[in-house]
Amino acid sequence: QSVALRLICEREAEIEKFITEEYWSIEARLRTPEGAPFTARLTHLAGNKLDKMDIGTAEQANLAVERIRSKNLSVQKIEKKQARRFPAPPFITSSLQMEASRKLGMSASQTMRTAQNLYEDGYITYMRTDGTTLSDEAVQQCRSVIKKEYGDKFLPDAPRLYKSKAKNAQEAHEAIRPTNLSVLPGRSGGPMQEDQRKLYELIWKRTIASQMENAVLEQVKVDLSEGTDDVILRANGSVILFPGFLTLYQEDTDDDKNESEDNRILPPMQERDATKLVDVTPNQHFTQPPPRYSEASLVKRLEELGIGRPSTYASILQVLRDRNYVKLEKRRFIPEDRGRLVTTFLAKFFAQYVDYGFTANLEEELDAIASGHVAWKEALKLFWRDFKTALDGTKELTITNVIDHLDEELGPHFFPPEKDANGNSIDPKKCKACAENAALPDGKLGLRLGKFGAFIGCSNYPECKFTRPLIVPDGENGDGAALANEPKILGTEPGTGRTVSLRRGPYGPYVQI
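Residues numbered from 1 in each chain as written. Predicted model: local features only at pLDDT ≥ 70, side-chain atom pairs only at ≥ 80, totals over all residues. Heavy atoms only, no water.

## Structural notes on the overall build of the chain
The secondary structure content of the chain amounts to 14 helices and 17 strands. Since a compact globule built from 513 residues should have a radius of gyration of about 24 Å, the 31 Å found for the chain marks it as more spread out than a globular shape. C-alpha extents for the chain along the principal axes are approximately 90 × 75 × 55 Å. Expressed as a percentage of its 513 residues, the buried residues of the chain come to 41%. (Helix = DSSP H or I, 4+ residues; strand = E, 2+ residues; numbered from the N terminus. Rg over C-alpha atoms; globule rule 2.2 N^0.38 Å. Buried < 20%, exposed > 50% of the residue type's maximum accessible area, 1.4 Å probe, protein only.)

Okay, structure coming up:
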């Protein structure tokens, strides 16, 4: 769990530090001599090939647009080549969790509960596996179903064989598949409960597709210019010549599903065809930070690092949420402050034990113990020797040492840049309560530790009593500084004449009579 939490926290830090940059792309709409529309993108300008960031302003983009409009564009070169796409292997535990998250919106734990029910009811094979092989009987069932349901042209000459790519794969079980592939999804004999039916259909399609023929595509690239390299536009497209396994199943990705240029279908064209320019559009873009991890992409990353086992992925993600180390918003993991504090502490004072390589190597050592190649007592002895050394190294640490390090590392997160009404930068760590009290010197906010956990406090404590939680609820921060050292008088109570004041307590502002 510590390594998974570190991955999530480090990704969030990358996002916070990311600086957005502006760039532009130029797209032209054209017509063939027959009037068929198509779209092309500017790739070369003034004899130079354009990189992604080469057009950085609206002024540069508009100049490029005018340059394109001044040209009489024609087809200069057409490239065509065939490409084959291969089906994905049958499901293992991690890939089932990934695809169920992408296609069905299921969490890892929900996927495993549903798969457990399917297994117990006899619909699928064992669902905790890292093996991609299928039994001979299952392969023959697949081939029979393909021939019957889709025809001979979708059936390859020989069965497909798969081998796991995971670093620490044990392959003790075959892949996750239906026990009887002749039981088609949604028909009699299959599971009827909604979640079970959807997951069974996903497993059935993936298994059958893994034994189907390749898809064959023709990829087309068309270059347009006036005959010089001053302005060159390119139109990309593809045509599916034979759908193969794509008829049944296509693996999803975690990237945004924007339309790809390569998936466009281009109209027929010949070299030297003149084209008619319909319009040229400059499109503004901004670079994007790396996306937060979803359950699918986090499981994939853990698998790539050789961390975890088929039976542990779901529990790892669930524990992080149960302990409030992370939260899931729009199916993406966001670290809570508690999680960031824990990760920063471990990465500083116990770096070896949250290192990705250490965790993966420990998995391999446990495998060696299980297979009898390493003595478990010797492994424990070596582990304890290094761990005790790490513990002894923290004995001289004081709370102040730890807090100062956490404050330094997480300062940009807890104190993001601020600006005043005129747009000038101000110090986000400057205590506003001290600034409003002439009797106090300027105070500096920082991370503090109390009996209820970490909080933000002022360096002038106890003279300045300003505090706030690590996460300030919306609307609370405005009165927090003003109420830190003295109440705010609101008036008097009509019946008794007693003073009514606004004060700040440990749970936020309150009114007292």
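## A short note on the packing of aromatic side chains
Considering all chains together, one arrives at twelve aromatic pairs under this definition. Pairing Y123 with Y200 gives two aromatic rings, centres 6.0 Å apart and planes at 65°, and the pair type is edge-to-face. Taken together, the positions of Y123 in the loop between α4 (108-120) and α5 (136-149) and Y200 in helix α6 (residues 194-209) put the pair 77 residues apart, joining distant regions of the chain. On the basis of relative accessibility, which here comes to 22%, the residue Y123 falls in the partly exposed class. Measuring from centroid to centroid gives 6.0 Å for W384 and F387, while their planes differ by 55°, and the two rings are tilted. Here F387 and W384 lie together in helix α11 (residues 376-392), a separation of three residues that amounts to about one turn. The class for F387 is partly exposed, based on a relative accessible area of 24%. In this structure an aromatic cluster arises from ring pairing among F345, F349, F350, Y353, F358, F383, W384 and F387. Taking NZ or CZ as reference, K103 lies 5.0 Å from the ring centre of Y249, over its face. (Phe/Tyr/Trp six-rings, centres within 6.5 Å; stacked < 30°, edge-to-face > 60°. Lys NZ or Arg CZ within 6 Å of the ring centre and 35° of its normal.)

## Some remarks on the packing of α4 against α6
Describing two packed helices takes the angle between their axes plus the distance from one axis to the other. Interhelical geometry of α4 versus α6 gives an angle of 90° and a closest axis separation of 9 Å. In terms of orientation, α4 lies roughly perpendicular with respect to α6. Contact residues: Q110, T111, T114, A115, N117 and L118 in α4; D195, Q196, L199 and Y200 in α6. Taken together, the residues that form the contact of α4 with α6 break down as four nonpolar, five polar and one charged. (Axes fitted to C-alpha atoms, helices over the stretch in contact; angles between N-to-C directions. Parallel < 35°, antiparallel > 145°, perpendicular 65-115°, else oblique. Contact = heavy atoms within 4.5 Å. Nonpolar A, V, L, I, M, F, W, Y, C, P; charged D, E, K, R; others polar.)

## With respect to helix α12 (residues 399-414)
Three or four residues apart is the spacing at which side chains of an α-helix point the same way, because the helix has 3.6 residues per turn. The terminal C-alpha atoms of α12, which comprises 16 residues, lie only 19 Å apart, well short of the 22 Å expected from a rise of 1.5 Å per residue. Approximately 45° is the largest bend angle found in α12, and it occurs at E408, with the proline P412 only one to four residues beyond. Among the residues of α12, V402, I403, H405, L406, D407, L410, G411 and F414 are the ones counted as buried. (Expected span 1.5 Å × (residues − 1). Bend = angle between axes of the 7 residues up to and from the residue.)

## Description of the packing of helix α1 (residues 2-17) against helix α9 (residues 337-349)
Between α1 and α9, the least distance of the axes is 9 Å, while the angle of their chain directions is 105°. The angle between α1 and α9 falls in the class roughly perpendicular. Here S2, L5, R6, C9, E12, A13 and E16 of α1 come into contact with α9, specifically with G339, R340, V342, T343 and L346.

## Focus: the nonpolar core
As a rule of thumb, nonpolar side chains are buried together in soluble globular proteins. If you look at the biggest cluster of nonpolar residues, it comprises 63 residues, and the most contacted ones within it are L96, I124, L199, W204, I208 and L298. At seven residues, the largest contribution of residues to this core is made by α6. Contact partners of I208, with chain neighbours within four places excluded, come to C142, V145, I146, L181 and L248. W24, A28, L30 and L266 belong to the second largest nonpolar core, which has 24 residues in total. (Core = buried A, V, L, I, M, F, W, Y, C linked by side-chain atoms within 4.5 Å.)

## Points about the state of the cysteines
Scanning the model with the defined rule gives zero disulfides in all. The thiol of C458 is not disulfide-bonded; the next cysteine sulfur, from C434, is found 3.5 Å away. Residue class for C458 comes out buried when judged on its relative accessible area of 3%. With no disulfide of its own, C464 lies 3.6 Å from the sulfur of C434, the closest cysteine sulfur. For C464, a relative accessible area of 1% corresponds to the buried category. (Disulfide = S-S within 2.5 Å.)

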